Amino acid sequence: MPKCHFCDHNNPAGIDRCQNCGAWIEQKASSTSTDSGQQAEPSLEAQVLTLLEGGKKIVAIKLYRQQTGCDLKNAKDAVEALAAKHGIVSKGAGCAGVILAMVLACGVLGIGIWFVVA
Ligand SMILES: [Zn+2]
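Residues numbered from 1 in each chain as written. Predicted model: local features only at pLDDT ≥ 70, side-chain atom pairs only at ≥ 80, totals over all residues. Heavy atoms only, no water.

## Digging into the coordination of the zinc ion
Distances from the zinc ion to its protein donors, namely Cys 4 (SG), Cys 7 (SG), Cys 18 (SG) and Cys 21 (SG), fall within the range 2.2 to 2.3 Å. For the zinc ion, the four donor atoms in the first shell make angles of 106 to 116 degrees at the metal, so the coordination geometry reads as tetrahedral. Binding-site remark: the zinc ion is held by donors from one chain whose sequence spacing is C-x2-C-x10-C-x2-C. With a gap of 17 residues between them, Cys 4 in the segment before helix H1 (29–32) and Cys 21 in the segment before H1 connect regions that are remote in the sequence. On the basis of relative accessibility, which here comes to 42%, the residue Cys 21 falls in the partly exposed class. (Donors = N, O, S within 2.8 Å, 3.2 Å for Na, K, Ca; no water. Tetrahedral: all angles 85-135°; square planar, octahedral: opposite > 155°, others 65-115°. Helix = DSSP H or I, 4+ residues; strand = E, 2+ residues; numbered from the N terminus. Buried < 20%, exposed > 50% of the residue type's maximum accessible area, 1.4 Å probe, protein only.)

Following this line, the structure appears as C-alpha cells:
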C-alpha cells in the first residue's frame, strides 16, 4: 500500500500518483539523474566550444540548431553567448559584420547614385 506522504491517503499498489491529491507517490529517481545522461556523450556546450575554438562558428551554430531545434537567431545568440562566457573571440564574426555593413552601405550608396544619375 503506497501511502501518500502529502495527504496520507492510502493508494492501491502499482499506482504512481496519489488518487486523492495527485502527488507522485514514488520518488522519480530515474528521471532526476540527468547527469548520467549528459556524461554518455560530450555535451552540446563542449562540442560548440570545440568548434568555436577551431574557428568554425557557422558549424557550431548549425550543430546547436540540430541539437536544440531552435531557430537560427536563437542558435546564433546562444553560440555567441557561450563564446563570450568562455572568452573565445571569434575572428570571423567581426570581419563578416564589417563586410556586411560595407556591402549594405555600398548598396545603399549605389542605389542613391543610381537614382541621382538616372
Ligand atoms: Zn495524496
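After presenting the structure, the write-up continues.
## Side note on the pattern of salt bridges
Inspection of every chain in the model, using the stated rule, returns four salt bridges. For Glu 45, the salt bridge goes to Lys 85, with nearest N and O atoms at 3.6 Å. Pair noted here: Glu 45 is in helix H3 (residues 44–53) and Lys 85 is in helix H5 (residues 72–85), with a separation of 40 residues, a long-range link. The class of Glu 45 is partly exposed, set by a relative accessible area of 32%. Given a relative accessible area of 59%, Lys 85 falls into the exposed group. In this structure, Glu 80 and Lys 76 form a salt bridge, with 3.0 Å as the shortest nitrogen-oxygen distance. In this pair, Glu 80 and Lys 76 both sit in helix H5, four residues apart, roughly one turn of the helix. Given the relative accessible area of 28%, Glu 80 is considered partly exposed. If you follow the salt bridges from partner to partner, you end up with Lys 57, Lys 76 and Glu 80 in one network. (Salt bridge = Lys/Arg side-chain N within 4 Å of Asp/Glu carboxyl O.)

## Here we look at helix H4 (residues 57–68)
A rise of 1.5 Å per residue sets the reference length of H4, with its 12 residues, at 16 Å; its end C-alpha atoms lie 16 Å apart and thus fit the reference within 8%. Those residues of H4 that sit buried are Lys 57, Ala 60, Ile 61, Leu 63 and Tyr 64. Projected down its long axis, H4 shows its buried positions confined to an angular sector of 160 degrees, all on one face. Away from its buried face, by an angle of more than 90 degrees, H4 presents the exposed residues Ile 58, Lys 62 and Gln 66. Downstream of H4 by one or two residues, Gly 69 has phi in the positive range, about 75 degrees. (Expected span 1.5 Å × (residues − 1). Arc of directions from axis to C-beta.)

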